[in-house]
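Here is what each chain is made of, one letter per residue.
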Amino acid sequence: MSDVVLERILYVDDEPDIQEIVGMALELMGDVEIKTCGSGREALALADSFRPNLIMLDVMMPEMDGPATLDALRRHPEHASIPVVFVTAKANTRELQRFIELGAVDVIAKPLDPMKLGDQVKKIWAATHGG
Amino acid sequence: MADELSREERLASMARRFVDRARDQAVRIAELRPQVNHEHGKGEALLELRQLVHSLHGSAGTFGYGEVSIGAGEAEDLCDGLMAGGDSSVPSLFGDLDHAIEKLLALIKQLDAPPTK
């Protein structure tokens, strides 16, 4: 479990500004390839072609929100086990519990700190993969 | 060092674009403000307003504009309260939302150059 290397992250957010700054922040992690997109539907297509090890989903997106995207991923045999982290500006305790019950491995609160985001993701990955 | 400068420049450029976008959103928020009251929170204006303040809530803090993020979050919570509706607190929520919007617009108006962290 611990030998699984984080190589590819897919970040999904309908805000182009946030996509860009997150892309830059995650580049600081080093040998990790980052792709961003703006909708749940694009995320499902990229899950096929990009094969991310980790998917970060904004919760509130038009049409297909984060929980709906997670549900669709979980129904797909090849994507069902990809760890998903929710990103949300509404990270109260009740919502956090709900997101974990939906199957997210963790939740990152907005506003994001670009200088700390990489470390947050590394910690989540380590916790998910035993080190 | 060059990479560091480049990163700083990219961050500053993104923050400038955020400020431009926030100003555009403020114009739309100001347009929606009377519509929300006119429609008693039952029309599309409240939905659009909620989407705009949600966007600002999530993005402003990431670019270092924490006060705008907090102000937008307060407006977002009030929009959610109005959308949930159905109780006696709704009439006062309109006044609270109007006040929150006024405060948010003032904060956006003050946005200038990218802040230093």
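Keep in mind that this is a model prediction, so the values were computed, not measured.

Thresholds applied
Residues numbered from 1 in each chain as written. Chains lettered and ligands numbered in written order. Predicted model: local features only at pLDDT ≥ 70, side-chain atom pairs only at ≥ 80, totals over all residues. Helix = DSSP H or I, 4+ residues; strand = E, 2+ residues; numbered from the N terminus. Buried ≥ 20, exposed ≤ 12 C-beta atoms within 10 Å, placed from the backbone. Contact = placed C-beta atoms within 7 Å. pLDDT = per-residue confidence, 0-100. Axes fitted to C-alpha atoms, helices over the stretch in contact; angles between N-to-C directions. Parallel < 35°, antiparallel > 145°, perpendicular 65-115°, else oblique. Left-handed = near helix turned anticlockwise from the far one by under 90°. Nonpolar A, V, L, I, M, F, W, Y, C, P; charged D, E, K, R; others polar. Expected span 1.5 Å × (residues − 1). Pairing = 2+ DSSP bridges. Right-handed = clockwise from strand over helix to strand, strands pointing away.

Enquirer: What's the story with the overall build of chain B in this structure? I'm lost.
Expert: The number of helices and strands found in chain B is four helices and zero strands. Along the chain direction, N to C, the helices and strands of chain B fall in the order α-α-α-α. Relative to its 117 residues, chain B shows a buried fraction of 37%. Intrachain contacts of chain B at a sequence separation of at least 6 include 62% that bridge at least 24 residues.

Enquirer: When you look at the confidence of the model for chain A in this model, what are you seeing that I'm missing?
Expert: Parts of the prediction with low pLDDT should not have their coordinates interpreted in detail. Looking at chain A, the pLDDT average stands at 92 and 96% of residues meet or exceed 70. At the low end of the mean pLDDT range in chain A sits helix α4 (residues 93-102) of chain A, at 89; at the high end sits strand β1 (residues 8-12) of chain A, at 98.

Enquirer: Could you clarify how one ought to interpret the packing of helix α1 (residues 16-27) of chain A against helix α5 (residues 117-128) of chain A in this entry?
Expert: To characterise two packed helices, one gives the angle between the axes of the helices and the distance between these axes. Residue and element names in this part refer to chain A. The contact between α1 and α5 brings their axes to 8 Å, and the two run at 70 degrees. Compared by their axis directions, α1 and α5 come out roughly perpendicular. Both α1 and α5 take part in a crossing whose hand is right-handed. Each of V22, A25 and L26 in α1 lies in contact with α5, whose residues at this interface are L117, G118 and V121. Among the residues making up the contact of α1 with α5, the classes are represented as five nonpolar, one polar and no charged.

Enquirer: Please explain the interface of chain B and chain A as it appears in this structure.
Expert: If you look at the interface, chain B gives 16 residues, while chain A gives 12 residues. Those elements that provide at least two residues to the side of chain B that touches chain A are α1 (2-38), α2 (44-60) and α3 (66-84) of chain B. Its residues assigned to classes, the side of chain B that touches chain A shows three nonpolar, nine polar and four charged.

Enquirer: What should I look at first to understand α2(B) in this one?
Expert: Think of an α-helix as turning once every 3.6 residues; residues three or four places apart then point the same way. Spanning 17 residues, α2(B) covers 24 Å between terminal C-alpha atoms, matching the ideal 24 Å at 1.5 Å per step. Taken across its 17 residues, α2(B) has 12 buried, putting it largely inside the fold.

Enquirer: Quick question: what am I supposed to make of the packing of helix α2 (residues 40-50) of chain A against helix α3 (residues 66-75) of chain A here?
Expert: Residues and elements named next belong to chain A. Viewed as axis vectors pointing N to C, α2 and α3 meet at an angle of 30 degrees, and their least axial separation amounts to 9 Å. For the element pair α2 / α3, the angle class is roughly parallel. Regarding α2 and α3, the two cross each other, and that crossing is right-handed. Facing G40, A43, L44 and A47 of α2, the residues of α3 in contact are A68, T69, A72 and L73. Along the lines of polarity and charge, the residues of the contact of α2 with α3 split into six nonpolar, two polar and no charged.

Enquirer: Explain the sheet that holds β1(A) to me, please; I cannot follow it from the model alone.
Expert: Remark on secondary structure: sheet strands pair via backbone hydrogen bonds, oriented parallel or antiparallel. Residue and element names in this part refer to chain A. In spatial order, the strands read β2-β1-β3-β4-β5; together these five strands make up an open sheet with parallel pairing. What marks the edges here is a single partner per strand, and that holds for β2 (33-37) and β5 (106-109). Sheet twist, expressed as the average angle between the axes of neighbouring strands with direction ignored, equals 20 degrees. Of the pairings in the sheet, the one linking strand β3 (residues 54-58) to strand β4 (residues 84-88) comprises four bridges and is parallel in character. Residue pairing across strands places M56 opposite V85, the latter belonging to β4. Seen against the sheet, α2 touches β1, β2 and β3 and runs at an angle of roughly 170 degrees to β1.

Enquirer: I would appreciate a short explanation of the pairing of β5(A) in the present structure.
Expert: Here is the key point about a regular strand: its side chains alternate between the two faces of the sheet. Residues and elements named next belong to chain A. With four bridges connecting them, β4 and β5 associate as parallel partners. What sits directly across from T88, in β5, is A109. Handedness of the β4-α4-β5 crossover: right-handed.

Enquirer: Is there a simple way to think about the environment of Q120(A) in this case?
Expert: Residue and element names in this part refer to chain A. Note that Q120 resides in helix α5. On the basis of neighbour counts, which here come to 16 C-beta atoms within 10 Å, the residue Q120 falls in the partly exposed class. Taking the C-alpha atoms as reference, Q120 lies 27 Å from H76; in sequence the two are 44 residues apart.

Enquirer: What is the right way to read the environment of A12(B) from this model?
Expert: In this structure, A12(B) sits in helix α1. A count of 14 C-beta atoms within 10 Å places A12(B) in the partly exposed class.

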